[in-house]
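# Architecture and fold: a report
Residues per chain are reported as follows:
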Amino acid sequence: MTFTSRKAALVGLATIGASVLVLAGCAAPPTDDGGDGGTASDFLPCLVSDTAEAGFDDKSFNQLAFEGVEAAADAAGTEFQALVSESDADYAPNIQTLLDADCDLIVTVGFALSAATVEAALANPDVNFAIVDDAADNDFDGTTDAPNIKPILFDTAQAAFLAGYASSSYSKTKVLGTFAGIAFPTVTIFMDGFYQGMQYWNEQKGDTVTLVGYDPANVDATLATGGFAADDNAKAVAKSVLDQGADVLLPVGGPIFQSGGAAIEENGGDIVLLGVDADVYDTFPTYDALYFTSILKDIATATNDVVTAAAAGDFDATPYIGTLENNGVGIASFHDYEDKIAAELQGELDDIKASIISGDIPVTSYLNP
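Residues numbered from 1 in each chain as written. Predicted model: local features only at pLDDT ≥ 70, side-chain atom pairs only at ≥ 80, totals over all residues. Heavy atoms only, no water.

A few words now on the overall build of the protein chain. Helices and strands together make up the secondary structure of the protein chain, namely eleven helices and 14 strands. Across the protein chain, every contact between residues at least 6 apart in sequence was considered, and the portion connecting residues at least 24 apart equals 70%. (Helix = DSSP H or I, 4+ residues; strand = E, 2+ residues; numbered from the N terminus. Contact = heavy atoms within 4.5 Å.)

Moving on, we come to the packing of aromatic side chains. Tallied over the entire structure, the rule returns 15 aromatic pairs. Summarising the aromatic geometry, the rings of phenylalanine 111 and phenylalanine 184 are spaced 4.6 Å apart at their centres and angled 80° between planes, so their arrangement reads as edge-to-face. Of the two residues, phenylalanine 111 sits in the loop between β5 (105-109) and α4 (114-123) while phenylalanine 184 sits in the loop between β8 (175-180) and α6 (185-205), which places them 73 residues apart along the sequence. The class of phenylalanine 111 is partly exposed, set by a relative accessible area of 24%. With centroids separated by 5.0 Å and ring planes inclined at 40°, the aromatic side chains of tyrosine 170 and phenylalanine 292 adopt a geometry described as tilted. Linking tyrosine 170 in helix α5 (residues 156-170) with phenylalanine 292 in strand β12 (residues 291-297), this pair joins segments that are 122 residues apart in sequence. Exposure remark for tyrosine 170: the relative accessible area of 6% places this residue in the buried category. Judged by relative accessible area, which is 0%, phenylalanine 292 ranks as buried. Aromatic rings pair up to connect Phe161, Tyr165, Tyr200 and Trp201 into one cluster. (Phe/Tyr/Trp six-rings, centres within 6.5 Å; stacked < 30°, edge-to-face > 60°. Buried < 20%, exposed > 50% of the residue type's maximum accessible area, 1.4 Å probe, protein only.)

The next subject is the pattern of salt bridges. Opposite charge on two side chains allows them to pair when their charged atoms are near. As enumerated under the stated definition, the model contains six salt bridges in all. Among the salt bridges present, the one from aspartate 133 reaches lysine 297, with a minimum N-O distance of 2.5 Å. Of the two residues, aspartate 133 is situated in the loop between β6 (128-132) and β7 (149-154) and lysine 297 in strand β12; the sequence distance between them amounts to 164 residues. Its relative accessible area of 5% is what places lysine 297 among the buried residues. Between aspartate 277 and lysine 297 there is a salt bridge whose closest N-O contact spans 3.5 Å. Taken together, the residues span a long stretch of sequence, with aspartate 277 in strand β11 (residues 272-277) and lysine 297 in strand β12 at a distance of 20 residues. Neither residue differs from the other here; aspartate 277 and lysine 297 are each classed as buried. Here the salt bridges do not stand alone but share partners, grouping Asp133, Asp277 and Lys297 into one network. (Salt bridge = Lys/Arg side-chain N within 4 Å of Asp/Glu carboxyl O.)

Structurally, a disulfide amounts to a covalent bond that connects the sulfur atoms of two cysteines. Taken as a whole, this structure holds one disulfide when the rule is applied. Here cysteine 46 engages in a disulfide with cysteine 103; their sulfurs sit 1.9 Å apart. The sign of the S-S torsion, about -75°, decides the handedness of the disulfide formed by cysteine 46 and cysteine 103: left-handed. Of this pair, cysteine 46 sits in strand β3 (residues 45-48) while cysteine 103 sits in the loop between α3 (91-100) and β5, and the two are 57 residues apart along the sequence. Looking at cysteine 103, the relative accessible area reads 4%, which means it is buried. (Disulfide = S-S within 2.5 Å.)

On to the environment of valine 132, then. Note on placement: valine 132 falls in strand β6. In sequence terms valine 132 and leucine 153 are 21 residues apart; their C-alpha atoms lie 6.3 Å from each other. With residues near it in sequence (within four places) discarded, valine 132 still touches Val107, Thr108, Val109, Gly110, Phe111, Ile152, Phe154, Ile299 and Thr303.

All right, on to α5 then. Because each turn of an α-helix spans 3.6 residues, side chains separated by three or four positions end up pointing in the same direction. Over its 15 residues, α5 extends 21 Å from the first C-alpha to the last, a length consistent with the 21 Å expected when each residue adds 1.5 Å. The element α5 is largely enclosed, with a buried count of 14 among its 15 residues. (Expected span 1.5 Å × (residues − 1).)

Turning to the packing of α5 against α6, a few remarks are in order. Contact geometry of α5 with α6 gives a least axis separation of 6 Å together with a crossing angle of 45°. The orientation of α5 with respect to α6, classified from their angle, is oblique. Between α5 and α6 lies a crossing of right-handed hand. Of the residues in α6, those in contact with Thr156, Ala157, Ala160, Phe161, Ala163, Gly164, Tyr165, Ser167, Ser168 and Ser169 of α5 are Ile189, Phe190, Gly193, Phe194, Gln196, Gly197, Met198, Tyr200, Trp201 and Lys205. The residue inventory of the contact of α5 with α6, partitioned by class, reads eleven nonpolar, eight polar and one charged. (Axes fitted to C-alpha atoms, helices over the stretch in contact; angles between N-to-C directions. Parallel < 35°, antiparallel > 145°, perpendicular 65-115°, else oblique. Left-handed = near helix turned anticlockwise from the far one by under 90°. Nonpolar A, V, L, I, M, F, W, Y, C, P; charged D, E, K, R; others polar.)

Right, let's get into the environment of alanine 310. Mapped onto the fold, alanine 310 is located in helix α10 (residues 299-311). Residue alanine 310 is classed as buried on the basis of its relative accessible area of 10%. Sequence-distant contacts of alanine 310, defined by excluding residues within four places in its chain, comprise Phe43, Leu105 and Phe315.

Counting residues in hydrophobic clusters, the biggest one holds 66 residues, and the most contacted among them are Leu47, Val107, Phe194, Phe292, Phe334 and Ile356. Once residues within four sequence positions are removed from consideration, phenylalanine 334 is found in contact with Ala166, Tyr291, Phe292, Thr293, Ile341, Leu345, Gln346 and Leu349. Ranked by size, the runner-up nonpolar core spans 23 residues in total, among them Phe179, Val241, Phe284 and Leu290. (Core = buried A, V, L, I, M, F, W, Y, C linked by side-chain atoms within 4.5 Å.)

Quick look at the structure:
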């Protein structure tokens, strides 16, 4: 496990590699040193990452959660503490380290931490928890397994529907491509919406756009890298999609979009790339010339709001659900492709968004919150 102290983190994520204090091995319980914004507070929010290779600099959901907690802690005038999970074996020990540090709110990032979060919450009913991308319902009875856990959930299928429609409008080969890190439900929910947006395009336009890499009728066959590292394996998987004629590529799984960008550059041709979670045009500009749009989850605002409320004594375990209606999900600008999309596309997307919000266009997925 790796310990990140806010004392050295306040200069921000853009230089996180050089600016944070990182200690290898199991960290001793962090100490409360006070913040440098606002009035000092005794409230101590804490954060545990999922196992992203880049930790809180993954250009994706771990980073967004970090930014949200950091902003809320700074506004409250308190420090925060964050631990990076280098493997799933770190989840429970990291949470225990933060419990030992007397954290008042512990935010865990990703459904893989669900079991460890529930166990800790049940054993520590006086400590509040929040978990990103999971309902903390491990017995599948429809309710959160501990009354002191707030799920932070996102109906990303809604936003992905818009991206699938827009991608279908743009594609010249009539082949879209996608692949996963691992085909977890929080990954395939993007693909469900993307597929349905493509299908809606076909229905409305009488077109025949297809999707390579994912079939909602056979989720077990989802094309996946087997992990969430942006490595040569992920690049090879991306290339296999491009080899099937895809000219729009949607990698779903944290930083694996970087491997998608590398594969596109090696392949050549008029191929565009989509990001997920964050607007990768801003977070990872290396492939800005390729980015068509990104499917967004506003994790930073959601975690900021949860921490801010808890710091004010208003913790509420009612699940937060990000939707198109509350701007918890959405799609980014088309950036450099604004002048390359059909003139009528944005108006169509606005109408589709309104119809999804009203329920006139249903968007379904196994993981709809």
